[in-house]
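Secondary and tertiary structure notes
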Amino acid sequence: MFRTRKIAEVFSPSEDIVLYPGDCLKLLAAIPDESLSLVITSPPYNIGKEYEKKLKLETYIEQQAAVIRECVRCLSPQGSICWQVGNYVDGGGHHTPRYCAVPYLY
Ligand SMILES: C[S@@+](CC[C@H](N)C(=O)[O-])C[C@H]1O[C@@H](n2cnc3c(N)ncnc32)[C@H](O)[C@@H]1O
């Protein structure tokens, strides 16, 4: 009833599933232009979660902009990005992450 599928660790257009255990920028670099229909990602929020090192806001935005640029390059013109971010208020607290689009970063 269920078909067994191989899970690859290196991107190739012929693979059904790729689970890349490394830096997303290296994975994205291997993906051809305009070849993806959908990107769904939950990048670091930079709000001091236990699993992340909080960066200066400018550094964080530069890092995320580099990833978004690569995602946009890989996306088909009809494609979509779901980008989950933390909600940061300068001098204030932070909130649980919300979904939003950040087209102004690229
Ligand atoms: C906000 S967390 C994701 C939380 C996850 N969505 C969940 O629900 O548990 C961000 C994750 O991105 C990983 N990460 C940070 N920089 C990365 C990069 N350059 N490439 C791939 N993963 C990265 C972090 O190790 C962390 O696990």
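What counts, and at which threshold
- Residues numbered from 1 in each chain as written.
- Predicted model: local features only at pLDDT ≥ 70, side-chain atom pairs only at ≥ 80, totals over all residues.
- Helix = DSSP H or I, 4+ residues; strand = E, 2+ residues; numbered from the N terminus.
- Contact = placed C-beta atoms within 7 Å.
- Near = placed C-beta within 6 Å.
- Nonpolar A, V, L, I, M, F, W, Y, C, P; charged D, E, K, R; others polar.
- pLDDT = per-residue confidence, 0-100.

Brief notes about the overall build of the chain
Along the chain, the regular secondary structure elements total 2 helices and 5 strands. Counting from the amino terminus, the chain carries its helices and strands in the arrangement β-β-α-β-α-β-β. Of the contacts formed within the chain by residues at least 6 apart in sequence, a portion of 54% connects residues at least 24 apart.

Regarding the environment of L57
Looking at the element boundaries, L57 is found in helix 2 (residues 57-74). Counting along the chain gives 10 residues from L57 to I47, while the straight-line C-alpha distance between them is 9.8 Å.

A short note on the site of the ligand
Every residue close to the ligand is listed here: D23, C24, L25, S42, P43, P44, Y45 and Y51. Its residues placed into classes, the shell around the ligand shows 6 nonpolar, 1 polar and 1 charged.

Focus: the confidence of the model for the chain
When pLDDT is low, close inspection of the predicted coordinates is not appropriate. Per-residue pLDDT for the chain averages 86, and the proportion of residues at 70 or more is 82%. Summarising per-element confidence for the chain, the mean pLDDT is lowest in strand 5 (residues 94-99) (54) and highest in helix 1 (residues 24-29) (98). Residue range residues 102-106 is modelled with pLDDT below 50. Its contacts to residues more than four positions away, or to other chains, number 10 contacts.

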